[in-house]
Structures are given as C-alpha cells and as structure tokens.
Amino acid sequence: MSVELCGVELRGPVLNGSGTYDAIAARRTFGDALLEPEAFPFDAFVSKTITLEPRQGNPPPRLWESPDGLINSIGLPNKGLEGFLSEDLPLLAELPVPLVVSVMGFSRDELAHLAEAVGERDEVAMIELNVSCPNVETGLVMGADPAETAAAVERVRAVTGKPVIVKLTPTAADPAAVAVAAEGAGADAISLINTLKGMALDPQTRRPWLGGGTGGVSGPAVRPVALEQVAAVAGRVGVPVIGMGGVASGRDAREFLDAGAACVAVGTESFRDPSAGLRIARELGVISHQERGFSLAETPR
C-alpha cells in the first residue's frame, strides 16, 4: 500500500502522532532490530515537537486513563533546537523510514527560525508545524484563526523548500476554513486532529489529578470528532490530509481514508501496544483487498 505524501514515497499510509512514540527509547529497549524496515511500526516517523529553547514540560502526574481514551498533560518536554540537532537528529536519521520533524514556535519569527534550521538538514524529509499555541505577538492561537495561520505558514514557506505539514487544533470554530487558509499560504499537507481539552479529578482530593491541571484527550473517544473534521477539511482542500484521533485498528484507519485522508496517524494505541502501527497496517491491507470501499469526500453533501 505504498503512497506518496508531499512528493515523498512512503511504503504505506501509517504514521505516528507526534510525541506518542519515542523511537530513541524504543531502540534502547528493542535494540537495532528496530532499524529493520519490517520491524519498524510506521511508514514515516514524526518527531516529538521541538521548541527553540529546552522545555521541562508539565509537573507530574502527566497521564490519566479515561474510559476509551487517555488524557495527557505532558507539556512538550524537549531539548530545544540545538539539543535536538546535535543529539536526537543523528539517531532519528538512522530510522528506516522518512523523518518528519514537528516544530512549535511562540511567534511567527520563532516558528520560521525552527523550520529553517531543521529544513536545512538532509536527514529531514518534511516539517510539521504544530500551530496549537498562542502567538505571543497577537494572543491568538495560530491554528485557530485562518488569517493567523496563513501569516505563520507564509513566514515559514519563505525560508524552507521542504514540504510543510500544518497540524490543526480541533478547537477552531471552522477547521476547514483554517485548512483552506493554510493551503493558500503554501502548506503541502494538513494533519488533524490534535487532542481535545479535558480534565480528570482525583477521587480522594476532588482536585485536578494532572500536574498541569488540564490535559489533552485522545484515543477512541475522540474518533467521531476527528472523522467529522477530517471529512470537512478533505472536502475543502486539494492537498493531502493526514487523519488521526483514536486510530486503534485497520477498520479505524479505513474509515479515515474513506473520509478523505491520504494517510493516518496512530497515537494513543501505541502506549498500549508499541507495535500497533504494524498491526494496523496489516489489518488495513487485508480490508483494502477485501473491500472496494467508498470515499465520503466523493459523495454529495
């Protein structure tokens, strides 16, 4: 089931959601066998989101298992740009699949600086812009406002020729309008959805359990929301869409492809099963051979 994403050939359509699979830690656990193409669970690898300066992330506890999902309050811990380039990138470059680097800035200039720096590296096949944070210059969440998103993408597009994937926040009033703005500004692909905001209470103290107070809800519980937004976006843009949100089986992946996605990403399921990507790809292959399928993106609305 080989596919082409932004001009990059992939052996299949299954990626990981940024921050949901630590390939460096997995290699320490499973050894160099993980570098064999048949053993690596994804067809392209998306890095953890990196920021300009190092971040410690949110205080623990950081995870809460909810019915049919997970709430995380991790807070984007990372080594910063320089630490990533010197320490993590050489290891990630050894993976047997194309590398996508996820970046997040707190201003357009910061986002552009990150994209330019990672885009200069031959090891990087694509760049993902995590636009779920507020722009300190305007106070607006970059991925929630079409004009703000367009301005950010234009700034990035001016400094790199690498394919740019824009990862949308699900909290936008009209995600499809944001996607159209991103495409018009030069985005090569759109990915969605990111997590939904949620909270868990400690049953004893009746206070927020997570160290950050609130967190992001993911897993099967958000899949209906994700499917609707993916279908809406795919119906409005001409660039590829990467769908994610509760993909736990080949059937789930097939639904996202039927809704108009070109690729899918696996996130929460990898916490339960580190090899979930391989299983989902196998299941999807069987389904695709058994069924002709249909696309919601091609049906009248």
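Residues numbered from 1 in each chain as written. Predicted model: local features only at pLDDT ≥ 70, side-chain atom pairs only at ≥ 80, totals over all residues. Heavy atoms only, no water.

### Regarding the confidence of the model for the protein
And then number 1: Looking at the protein as a whole, its pLDDT mean stands at 93, while 94% of the residues score no less than 70.
And then number 2: In the model, residues 296-301 has pLDDT below 50 throughout and makes 8 contacts with residues more than four positions away in sequence or in other chains. (pLDDT = per-residue confidence, 0-100. Contact = heavy atoms within 4.5 Å.)

### Some words on the sheet that holds strand S10 (residues 189-192)
And then number 1: Pairing within the open sheet is parallel, and its 8 strands lie in the order S3-S14-S13-S10-S9-S8-S7-S4. Lying at the two open borders of the sheet, with one neighbouring strand each, are strand S3 (14-16) and strand S4 (45-46).
And then number 2: Pairing of strand S9 (residues 164-167) with S10, which is carried by 3 bridges, proceeds in the parallel orientation. What sits directly across from Lys167, in S10, is Ser191. (Pairing = 2+ DSSP bridges. Helix = DSSP H or I, 4+ residues; strand = E, 2+ residues; numbered from the N terminus.)

### Things to note about empty space enclosed by the protein
A water-sized probe rolled over the atoms picks out the places where empty space is left.
And then number 1: Per the counting criterion, the structure on display carries 1 cavity of 30 Å³ or more.
And then number 2: Leu15, Asn16, Val46, Glu128, Ile165, Ile242, Met244 and Ala265 together form the lining of the largest cavity.
And then number 3: If you list the elements that add at least two residues to the lining of the largest cavity, you get S3 and strand S13 (241-244).
And then number 4: Residue composition of the lining of the largest cavity, by class: 6 nonpolar, 1 polar and 1 charged. (1 Å grid on protein atoms, 1.4 Å probe; cavity = no way out; pocket = protein on both sides within 12 Å on 5 of 7 lines; lining within 4 Å. Points joined across faces, edges and corners; volume = space filled by probe spheres on them. Nonpolar A, V, L, I, M, F, W, Y, C, P; charged D, E, K, R; others polar.)

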